[in-house]
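Structural overview
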Amino acid sequence: MATMRYAILADIHANATALSAVLEDVDYRGGVDELWCLGDIVGFGPDPHDCIEILRKFNCVCVSGNHDFSALEQNKLSSYDSDSAMVLSWTASQLTAEDTQFLSQAKIKTEKDNFTLVHGSPRQPLWEYVLSISIARENFPYFTTPYCIVGHTHVPIAYKKEGSTISSVLLSENIGLILGDVPMILNPGSVGQPRDGDSRASYAIYDSAVGVFRLHRVPYDLVSVRERIWGKGLPVRLASRLERGE
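In this report, the structure presented in the accompanying data block is examined. Note that the structure is a prediction, hence the values are computed from the model and not measured.

1. Remarks on the overall build of the protein chain
Broken down by element type, the protein chain carries eight helices and twelve strands. A globule of 246 residues ought to have a C-alpha radius of gyration of about 18 Å, and the protein chain, at 17 Å, matches this closely. In terms of overall dimensions, the protein chain has a C-alpha envelope of 50 × 40 × 35 Å along the principal axes. For the protein chain, buried positions account for 55% of its 246 residues. Intrachain contacts of the protein chain at a sequence separation of at least 6 include 72% that bridge at least 24 residues. When the accessible surface of the protein chain is totalled, it reaches about 10200 Å², and 51% of it is carbon and sulfur. Of note, the protein chain has its 22 positive side-chain charges centred 4 Å away from the centre of its 30 negative side-chain charges.

2. Comments concerning the packing of helix α1 (residues 16–28) against helix α2 (residues 48–56)
Direction vectors running N to C along α1 and α2 enclose 20°, while the axes themselves pass 9 Å from each other. By the angle between their axes, α1 is roughly parallel relative to α2. Contacts between α1 and α2 involve Ala 16, Leu 19, Ser 20 and Leu 23 on the former and, on the latter, Asp 50, Cys 51, Ile 54 and Leu 55. When its residues are assigned to classes, the contact of α1 with α2 shows six nonpolar, one polar and one charged.

3. As for the sheet that holds strand β8 (residues 165–170)
Strand order in the open sheet made by the six strands is β4-β5-β6-β10-β7-β8, with mixed pairing throughout. Strand pairing shows two members of the sheet lacking a second neighbour, β4 (109–112) and β8, which therefore form its edges. Neighbouring strand axes in the sheet, compared pairwise and without regard to direction, differ in orientation by 20° on average. In terms of strand pairing, strand β5 (residues 115–118) meets strand β6 (residues 147–149) through three bridges, oriented parallel. Paired with Thr 116 across the bridge in β6 is Cys 148.

What counts, and at which threshold
- Residues numbered from 1 in each chain as written.
- Predicted model: local features only at pLDDT ≥ 70, side-chain atom pairs only at ≥ 80, totals over all residues.
- Heavy atoms only, no water.
- Helix = DSSP H or I, 4+ residues; strand = E, 2+ residues; numbered from the N terminus.
- Rg over C-alpha atoms; globule rule 2.2 N^0.38 Å.
- Buried < 20%, exposed > 50% of the residue type's maximum accessible area, 1.4 Å probe, protein only.
- Contact = heavy atoms within 4.5 Å.
- Areas by Shrake-Rupley, 256 points an atom, 1.4 Å probe, with all protein chains shown as cover.
- Lys, Arg positive; Asp, Glu negative; His and termini not counted.
- Charge placed at Lys NZ, Arg CZ, Asp CG, Glu CD.
- Axes fitted to C-alpha atoms, helices over the stretch in contact; angles between N-to-C directions.
- Parallel < 35°, antiparallel > 145°, perpendicular 65-115°, else oblique.
- Nonpolar A, V, L, I, M, F, W, Y, C, P; charged D, E, K, R; others polar.
- Pairing = 2+ DSSP bridges.

Geometry only, nothing functional implied.
If you want it as structure tokens, here you go:
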């Protein structure tokens, strides 16, 4: 198999400024052969159409996230808090026919190289959060590739399975994680709405030539995103969350 470099992006959440900053950083680091997008392209943020239009220009493999699914179907909105439900309704009104087609073509689970790609978890691809070692333990039987990459929690972390022991490690900026014979569930954090106390966009690059998964953090113009959130009448709380990284 030819060696490949992949940029792994999750939870863009309609934040075109963060997405553009990440893609500029990818280019600065030598580029990649393919983008892997782990869902929730839309929701929360002010730029759903712009984010889809940007991704459409790239060689991109996308899986669907719960916000993508709900923006298309407009069902299960009662399961969201009022701010999220309001933004999902607004998002649906912003999507073009081409945007809708792009989102609807995404699978909820797919395999690439040695990886299973999902948004939530391999067991429940749209909805389940892998938030703990106990939940990770229950999910290892649900993928057959060596590794699984998830999003949804907006926190960069890895879970390892060594025999019957499951352990976790928070991923640190620019420190590579060598992927060997140990099965792992990996999360690259969120591009558009990080929730680990760091407001910078989070993503990862995987280089198959060396088998290394490396996290990167990218600053971007938070003020411009905040002003677009306010200007489009979206909930003010969403702007303050961005600035706090939560």
